[in-house]
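# Structure assessment
Residues per chain, in single letters:
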Amino acid sequence: MPVPKVGPKADPEFFKEIEAVFKKHPDAAKKYSIRFIGGEIAALKLDFDKTVGVSRLEGKQLVTEFVDRGTLIKDKSGGGVDEEEVLEADRFCCEWVTTGTRTRCVKICS
């Protein structure tokens, strides 16, 4: 399998802007990283509009299972609830993806 062309050399303008944001917010920057997830999305055929990862530590391994968002969001009000607020209300969201104009939680860590 060929190595994908990703990172600062493949997307220099994107990384230039990300680096500027990290420099502008150094304390926040210490808590975050940039990670390529394209391989996982393609291999597992993930759609983060419908799916969220749930991760847990098992010894020295991080195990992530991808589940339907609907199984984690219990909307009993019949609609009108912000899905992201419900998803993050009692869980620790540890990874987000911006899809178009919306930032979504894509990984819950425990």
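As the structure is a computational prediction, the values presented were derived from the model and not from experiment.

## Topic: the packing of aromatic side chains
Inspection of every chain in the model, using the stated rule, returns three aromatic pairs. With a centroid separation of 5.4 Å and an interplanar angle of 85°, the aromatic rings of phenylalanine 14 and phenylalanine 15 are classed as edge-to-face. Judged by its relative accessible area of 46%, phenylalanine 14 falls in the partly exposed class. Overall, the relative accessible area of 15% leaves phenylalanine 15 in the buried class. Ring geometry for phenylalanine 48 versus phenylalanine 66: centroids 6.5 Å apart, planes at 50°, classification tilted. Taken together, the residues span a long stretch of sequence, with phenylalanine 48 in the loop between helix H3 (38-44) and strand S1 (51-58) and phenylalanine 66 in strand S2 (residues 61-68) at a distance of 18 residues. Here phenylalanine 66 falls in the partly exposed class, since its relative accessible area comes to 30%.

## Some remarks on the sheet that holds S1
Across the sheet, which stays open at both edges, the four strands sit in the order S2-S1-S4-S3 with mixed pairing between neighbours. The sheet is open, and its two edges are formed by S2 and strand S3 (92-99), each paired on a single side. Geometrically, the sheet is characterised by an average inter-axis angle of 30° between neighbouring strands, direction not taken into account. Pairing of S1 with strand S4 (residues 102-109) involves three bridges; the strand directions are parallel. Residue valine 54 lies in a different strand from S4, and its bridge partner there is isoleucine 108.

## Let's talk about the pattern of salt bridges
The full count for this structure, using the stated rule, is eight salt bridges. The closest approach of N and O atoms between lysine 50 and aspartate 47, which form a salt bridge, is 3.9 Å. The exposure class assigned to lysine 50 is exposed, which follows from its relative accessible area of 55%. By relative accessible area, aspartate 47 is classed as partly exposed at 30%. Each of Arg35, Glu40, Glu95 and Lys107 takes part in salt bridges that share partners, so that together they form one network.

## A closer look at the state of the cysteines
Within the structure shown, the criterion is met by two disulfides. Disulfide pairing places cysteine 93 opposite cysteine 105 at an S-S distance of 2.2 Å. Judged by the sign of its S-S torsion, about 120°, the bond between cysteine 93 and cysteine 105 is right-handed. Of this pair, cysteine 93 sits in strand S3 while cysteine 105 sits in strand S4, and the two are 12 residues apart along the sequence. Of the two residues, cysteine 93 and cysteine 105, neither departs from the other in class, the shared state being buried.

Reading guide: rules and limits
- Residues numbered from 1 in each chain as written.
- Predicted model: local features only at pLDDT ≥ 70, side-chain atom pairs only at ≥ 80, totals over all residues.
- Heavy atoms only, no water.
- Phe/Tyr/Trp six-rings, centres within 6.5 Å; stacked < 30°, edge-to-face > 60°.
- Buried < 20%, exposed > 50% of the residue type's maximum accessible area, 1.4 Å probe, protein only.
- Helix = DSSP H or I, 4+ residues; strand = E, 2+ residues; numbered from the N terminus.
- Pairing = 2+ DSSP bridges.
- Axes fitted to C-alpha atoms, helices over the stretch in contact; angles between N-to-C directions.
- Salt bridge = Lys/Arg side-chain N within 4 Å of Asp/Glu carboxyl O.
- Disulfide = S-S within 2.5 Å.

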